Amino acid sequence: MQKLLASWIPGTVAVQSWLSELGISRQLMQKYVSGGWVKKIGAGAYILVNDDISWLGAVFTLQREDKNRLHIAGSTALQLLGYDQYLNLGADNLKLLMSDSGENQSLPAWFLEYFKETNIRYVNAKLFEGDGKIGLIPWKSNHFDLKISSPERAILEEIYVANTKEDLVHVIELLENLSTLRSQEVQNLLANCRYRYIVRLFLAVSKKINHPWFRRLNVSALNLGKGKYVLFDGGYFDKEYN
(Lines give C-alpha, C1' and ligand atoms only; values in the text may rest on other atoms or scores of the structure.)
Protein backbone atom coordinates (compact mmCIF):
# COMPACT_ATOMS: atom_id res chain seq x y z
CA MET A 1 0.00 0.00 0.00
CA GLN A 2 2.91 2.35 0.72
CA LYS A 3 4.15 2.02 -2.87
CA LEU A 4 0.69 2.88 -4.18
CA LEU A 5 0.27 5.89 -1.91
CA ALA A 6 3.71 7.20 -2.84
CA SER A 7 2.76 7.20 -6.54
CA TRP A 8 -0.88 8.26 -6.26
CA ILE A 9 -1.32 11.98 -6.90
CA PRO A 10 -4.02 13.49 -4.63
CA GLY A 11 -7.26 14.36 -6.37
CA THR A 12 -6.80 11.93 -9.26
CA VAL A 13 -8.28 8.61 -10.32
CA ALA A 14 -6.19 5.45 -10.59
CA VAL A 15 -7.02 3.18 -13.53
CA GLN A 16 -5.92 -0.41 -13.89
CA SER A 17 -3.58 0.21 -16.83
CA TRP A 18 -1.55 2.62 -14.67
CA LEU A 19 -1.77 0.34 -11.64
CA SER A 20 -0.46 -2.58 -13.68
CA GLU A 21 2.59 -0.50 -14.61
CA LEU A 22 3.23 -0.20 -10.87
CA GLY A 23 2.94 -3.97 -10.51
CA ILE A 24 -0.42 -3.76 -8.71
CA SER A 25 -2.96 -6.36 -9.83
CA ARG A 26 -6.75 -6.23 -9.81
CA GLN A 27 -6.74 -8.79 -7.02
CA LEU A 28 -4.51 -6.60 -4.85
CA MET A 29 -6.70 -3.57 -5.52
CA GLN A 30 -9.72 -5.57 -4.44
CA LYS A 31 -7.97 -6.21 -1.12
CA TYR A 32 -7.39 -2.48 -0.73
CA VAL A 33 -11.07 -1.88 -1.49
CA SER A 34 -12.12 -4.49 1.08
CA GLY A 35 -9.73 -2.92 3.59
CA GLY A 36 -11.44 0.44 3.27
CA TRP A 37 -8.46 2.34 1.83
CA VAL A 38 -9.69 2.56 -1.74
CA LYS A 39 -13.10 2.98 -3.38
CA LYS A 40 -13.97 1.50 -6.76
CA ILE A 41 -15.94 3.96 -8.95
CA GLY A 42 -16.19 1.86 -12.10
CA ALA A 43 -14.57 -0.90 -14.10
CA GLY A 44 -10.83 -0.63 -13.43
CA ALA A 45 -11.12 2.83 -11.82
CA TYR A 46 -10.41 3.71 -8.18
CA ILE A 47 -10.15 6.70 -5.85
CA LEU A 48 -8.68 7.01 -2.41
CA VAL A 49 -11.27 6.98 0.37
CA ASN A 50 -12.04 10.53 1.57
CA ASP A 51 -10.08 12.07 -1.31
CA ASP A 52 -11.60 15.09 -3.06
CA ILE A 53 -11.83 14.25 -6.76
CA SER A 54 -12.54 17.03 -9.25
CA TRP A 55 -13.15 16.74 -12.98
CA LEU A 56 -9.69 18.24 -13.49
CA GLY A 57 -8.11 15.36 -11.62
CA ALA A 58 -10.07 12.88 -13.71
CA VAL A 59 -8.95 14.61 -16.92
CA PHE A 60 -5.37 14.27 -15.70
CA THR A 61 -5.97 10.54 -15.38
CA LEU A 62 -7.29 10.33 -18.96
CA GLN A 63 -4.34 12.33 -20.29
CA ARG A 64 -1.85 10.19 -18.36
CA GLU A 65 -3.47 7.08 -19.83
CA ASP A 66 -3.32 8.45 -23.39
CA LYS A 67 -1.42 11.69 -24.01
CA ASN A 68 -3.15 12.22 -27.35
CA ARG A 69 -6.67 11.42 -26.21
CA LEU A 70 -8.09 14.81 -25.27
CA HIS A 71 -7.40 18.28 -23.93
CA ILE A 72 -9.29 21.03 -22.13
CA ALA A 73 -10.58 23.33 -24.83
CA GLY A 74 -12.46 26.48 -25.78
CA SER A 75 -13.86 28.77 -23.11
CA THR A 76 -12.95 26.23 -20.41
CA ALA A 77 -9.26 26.63 -21.26
CA LEU A 78 -9.71 30.41 -21.35
CA GLN A 79 -11.26 30.31 -17.88
CA LEU A 80 -8.33 28.33 -16.51
CA LEU A 81 -5.97 30.87 -18.06
CA GLY A 82 -7.90 33.75 -16.49
CA TYR A 83 -9.28 35.23 -19.72
CA ASP A 84 -13.01 34.58 -19.34
CA GLN A 85 -14.29 36.86 -16.59
CA TYR A 86 -17.93 36.11 -17.35
CA LEU A 87 -17.98 32.48 -16.27
CA ASN A 88 -16.72 30.28 -13.48
CA LEU A 89 -15.63 26.66 -13.25
CA GLY A 90 -18.46 25.50 -10.96
CA ALA A 91 -20.33 22.27 -11.55
CA ASP A 92 -23.13 23.97 -13.53
CA ASN A 93 -20.80 25.65 -16.01
CA LEU A 94 -19.94 23.79 -19.20
CA LYS A 95 -16.58 22.02 -19.25
CA LEU A 96 -15.39 21.55 -22.84
CA LEU A 97 -13.08 18.66 -23.65
CA MET A 98 -11.90 18.04 -27.20
CA SER A 99 -9.94 15.46 -29.14
CA ASP A 100 -8.23 16.21 -32.44
CA SER A 101 -7.62 12.55 -33.25
CA GLY A 102 -10.50 12.25 -35.68
CA GLU A 103 -11.26 8.85 -34.16
CA ASN A 104 -14.69 7.92 -32.81
CA GLN A 105 -13.81 7.88 -29.12
CA SER A 106 -15.98 8.44 -26.07
CA LEU A 107 -15.28 9.15 -22.43
CA PRO A 108 -14.99 6.02 -20.25
CA ALA A 109 -18.07 4.85 -18.36
CA TRP A 110 -16.52 5.52 -14.93
CA PHE A 111 -15.88 9.15 -15.88
CA LEU A 112 -19.42 9.71 -17.17
CA GLU A 113 -20.98 8.08 -14.11
CA TYR A 114 -18.85 9.79 -11.48
CA PHE A 115 -19.32 13.24 -13.05
CA LYS A 116 -22.91 12.78 -14.22
CA GLU A 117 -23.91 15.93 -12.29
CA THR A 118 -21.15 17.97 -13.96
CA ASN A 119 -21.88 19.69 -17.25
CA ILE A 120 -19.18 18.17 -19.47
CA ARG A 121 -19.17 18.19 -23.27
CA TYR A 122 -16.76 16.02 -25.22
CA VAL A 123 -16.18 16.89 -28.88
CA ASN A 124 -14.09 14.90 -31.33
CA ALA A 125 -13.17 17.01 -34.33
CA LYS A 126 -10.00 17.31 -36.37
CA LEU A 127 -9.82 21.10 -36.55
CA PHE A 128 -6.19 21.41 -37.60
CA GLU A 129 -3.82 19.80 -40.05
CA GLY A 130 -1.07 17.54 -38.75
CA ASP A 131 -1.00 15.66 -35.47
CA GLY A 132 -3.43 17.98 -33.68
CA LYS A 133 -0.91 19.22 -31.13
CA ILE A 134 -0.66 22.71 -32.55
CA GLY A 135 -1.59 25.37 -30.01
CA LEU A 136 -1.67 23.05 -26.98
CA ILE A 137 0.10 24.16 -23.80
CA PRO A 138 0.70 22.81 -20.27
CA TRP A 139 -1.34 24.19 -17.38
CA LYS A 140 -0.30 23.53 -13.79
CA SER A 141 -2.87 22.63 -11.16
CA ASN A 142 -2.01 22.19 -7.49
CA HIS A 143 -0.72 18.64 -7.84
CA PHE A 144 -0.53 17.89 -11.56
CA ASP A 145 -0.10 19.34 -15.05
CA LEU A 146 -2.83 19.31 -17.68
CA LYS A 147 -2.80 19.77 -21.44
CA ILE A 148 -5.07 22.63 -22.47
CA SER A 149 -5.58 24.91 -25.45
CA SER A 150 -3.64 28.13 -25.75
CA PRO A 151 -5.87 31.22 -25.89
CA GLU A 152 -5.21 31.45 -29.64
CA ARG A 153 -6.45 27.91 -30.23
CA ALA A 154 -9.24 28.08 -27.65
CA ILE A 155 -11.10 30.90 -29.36
CA LEU A 156 -11.11 28.99 -32.68
CA GLU A 157 -12.47 25.93 -30.87
CA GLU A 158 -15.17 28.08 -29.32
CA ILE A 159 -16.25 29.20 -32.79
CA TYR A 160 -16.43 25.55 -33.88
CA VAL A 161 -18.79 24.55 -31.04
CA ALA A 162 -20.99 27.65 -31.38
CA ASN A 163 -24.51 26.47 -32.25
CA THR A 164 -26.64 29.57 -31.64
CA LYS A 165 -26.54 33.33 -32.07
CA GLU A 166 -26.05 33.56 -28.29
CA ASP A 167 -22.96 31.38 -28.62
CA LEU A 168 -21.56 33.77 -31.22
CA VAL A 169 -22.25 36.73 -28.96
CA HIS A 170 -20.16 34.97 -26.33
CA VAL A 171 -17.38 34.41 -28.89
CA ILE A 172 -17.37 38.17 -29.55
CA GLU A 173 -17.22 38.89 -25.80
CA LEU A 174 -14.29 36.50 -25.48
CA LEU A 175 -12.44 38.07 -28.41
CA GLU A 176 -12.93 41.53 -26.95
CA ASN A 177 -10.99 40.33 -23.89
CA LEU A 178 -8.21 38.69 -25.91
CA SER A 179 -6.11 41.78 -26.50
CA THR A 180 -2.77 40.04 -25.92
CA LEU A 181 -2.93 37.16 -28.40
CA ARG A 182 0.33 36.31 -30.15
CA SER A 183 -0.05 37.26 -33.80
CA GLN A 184 2.38 34.61 -35.05
CA GLU A 185 0.54 31.88 -33.15
CA VAL A 186 -2.79 33.13 -34.51
CA GLN A 187 -1.35 33.15 -38.03
CA ASN A 188 -0.08 29.59 -37.69
CA LEU A 189 -3.37 28.28 -36.33
CA LEU A 190 -5.44 29.99 -39.01
CA ALA A 191 -3.13 28.66 -41.72
CA ASN A 192 -3.59 25.11 -40.41
CA CYS A 193 -7.31 25.31 -39.63
CA ARG A 194 -9.30 22.84 -41.75
CA TYR A 195 -12.57 24.78 -41.50
CA ARG A 196 -12.67 27.87 -43.71
CA TYR A 197 -15.77 29.29 -42.03
CA ILE A 198 -13.91 29.38 -38.70
CA VAL A 199 -11.10 31.37 -40.30
CA ARG A 200 -13.50 33.78 -41.96
CA LEU A 201 -15.64 34.37 -38.89
CA PHE A 202 -12.60 34.85 -36.70
CA LEU A 203 -11.14 37.41 -39.08
CA ALA A 204 -14.44 39.26 -39.54
CA VAL A 205 -15.01 39.66 -35.79
CA SER A 206 -11.35 40.41 -35.06
CA LYS A 207 -11.28 43.13 -37.71
CA LYS A 208 -14.20 44.92 -36.04
CA ILE A 209 -12.57 44.69 -32.59
CA ASN A 210 -9.20 45.67 -34.10
CA HIS A 211 -6.79 44.53 -31.41
CA PRO A 212 -3.11 45.36 -32.15
CA TRP A 213 -2.29 41.70 -32.85
CA PHE A 214 -4.88 41.63 -35.66
CA ARG A 215 -3.08 44.36 -37.56
CA ARG A 216 0.07 42.21 -37.60
CA LEU A 217 -1.63 39.27 -39.33
CA ASN A 218 -0.82 38.48 -42.95
CA VAL A 219 -4.40 37.83 -44.06
CA SER A 220 -3.44 37.62 -47.74
CA ALA A 221 -1.42 34.49 -46.99
CA LEU A 222 -4.46 32.63 -45.60
CA ASN A 223 -6.74 30.33 -47.57
CA LEU A 224 -10.24 31.71 -47.05
CA GLY A 225 -11.95 29.28 -49.41
CA LYS A 226 -14.58 30.21 -51.99
CA GLY A 227 -18.27 30.99 -51.90
CA LYS A 228 -20.44 32.45 -49.17
CA TYR A 229 -21.01 30.96 -45.74
CA VAL A 230 -24.32 31.36 -43.90
CA LEU A 231 -24.07 30.64 -40.20
CA PHE A 232 -27.48 31.79 -39.00
CA ASP A 233 -30.51 33.40 -40.60
CA GLY A 234 -30.86 37.11 -39.95
CA GLY A 235 -27.13 37.80 -39.74
CA TYR A 236 -25.16 40.48 -41.53
CA PHE A 237 -23.13 40.21 -44.75
CA ASP A 238 -19.40 40.84 -44.50
CA LYS A 239 -18.05 41.89 -47.89
CA GLU A 240 -14.44 40.99 -47.11
CA TYR A 241 -14.87 37.69 -45.25
CA ASN A 242 -18.27 36.56 -46.59
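Up top you'll find the structure we're talking about.
Since this is a predicted model, take the numbers as computed values, not measurements.

Conventions used here
Residues numbered from 1 in each chain as written. Predicted model: local features only at pLDDT ≥ 70, side-chain atom pairs only at ≥ 80, totals over all residues. Heavy atoms only, no water. Helix = DSSP H or I, 4+ residues; strand = E, 2+ residues; numbered from the N terminus. Buried < 20%, exposed > 50% of the residue type's maximum accessible area, 1.4 Å probe, protein only. Contact = heavy atoms within 4.5 Å. Areas by Shrake-Rupley, 256 points an atom, 1.4 Å probe, with all protein chains shown as cover. Pairing = 2+ DSSP bridges. Axes fitted to C-alpha atoms, helices over the stretch in contact; angles between N-to-C directions. Salt bridge = Lys/Arg side-chain N within 4 Å of Asp/Glu carboxyl O.

Enquirer: Can you help me understand the overall build of the chain in this one?
Expert: Helix and strand counts for the chain stand at ten helices and eight strands. Here the chain holds 242 residues, and the buried ones make up 49% of them. Look at the contacts in the chain between residues 6 or more apart in sequence, and 69% of them connect residues 24 or more apart. Accessible area for the chain stands at about 12400 Å²; split by element, carbon and sulfur atoms hold 48% of it.

Enquirer: How should helix 4 (residues 55–65) be read in this particular structure?
Expert: Because an α-helix completes one turn every 3.6 residues, residues spaced three or four positions apart along the sequence face the same direction. Counting buried positions along helix 4 gives nine out of eleven residues, so the element sits mostly inside the fold. Those residues of helix 4 not exposed but buried are Trp-55, Leu-56, Gly-57, Ala-58, Val-59, Phe-60, Thr-61, Leu-62 and Gln-63.

Enquirer: I keep staring at the sheet that holds strand 3 (residues 45–48) and nothing clicks. Help me out?
Expert: Pairing between the strands of a sheet comes from backbone hydrogen bonds, and it takes one of two forms, parallel or antiparallel. Ordered in space as 1-3-2, the three strands form an open sheet in which the pairing is antiparallel. Edge positions in the sheet fall to strand 1 (14–15) and strand 2 (38–42), since each has one partner strand and no second. Along the sheet, helix 3 (residues 26–34) makes contact with strand 2 and strand 3, crossing strand 2 at roughly 115 degrees.

Enquirer: Before we go on, may I ask you to explain the pairing of strand 2 in this structure?
Expert: Side chains on a regular strand alternate between the two faces of the sheet. As judged from the four bridges shared by strand 2 and strand 3, these two strands associate in the antiparallel manner. By the bridge assignment, Lys-39 is partnered in strand 3 with Ile-47.

Enquirer: Just to check I follow, could you spell out the environment of Ile-9 for this structure?
Expert: Tracing the backbone through its elements, the reader meets Ile-9 in the loop between helix 1 (2–7) and strand 1. You can call Ile-9 partly exposed: its relative accessible area is 22%. Residues Ile-9 and Thr-61, spaced 52 residues apart in sequence, show a C-alpha to C-alpha distance of 9.8 Å. Aside from chain neighbours lying at most four places away, what touches Ile-9 is Phe-60, His-143 and Phe-144.

Enquirer: What should I look at first to understand the pairing of strand 8 (residues 145–149) in this one?
Expert: Strand direction decides the pairing type here: strand 7 (residues 136–140) and strand 8, joined by five bridges, are antiparallel. Residue pairing for strand 8: Trp-139 is matched across the bridge by Leu-146. The turn joining strand 7 and strand 8, which pair antiparallel and follow one another in sequence, is formed by four residues.

Enquirer: Would you mind showing me how to read the pattern of salt bridges here?
Expert: Proximity of charged atoms lets side chains of opposite charge pair with each other. Here the structure, examined in full by the defined rule, presents six salt bridges. The partner of Glu-152 in a salt bridge is Arg-182, and the shortest N-O contact between them spans 2.8 Å. Of this pair, Glu-152 sits in helix 7 (residues 151–161) while Arg-182 sits in the loop between helix 8 (165–177) and helix 9 (183–192), and the two are 30 residues apart along the sequence. Here Arg-182 falls in the partly exposed class, since its relative accessible area comes to 44%. The shortest N-O distance in the salt bridge between Glu-157 and Arg-153 comes to 2.8 Å. Taken together, the residues span about one helical turn, with Glu-157 and Arg-153 both in helix 7 at a distance of four residues. As far as the burial class goes, Glu-157 and Arg-153 line up, both buried. Several salt bridges converge on common partners, so that one network encompasses Asp-100, Arg-153 and Glu-157.

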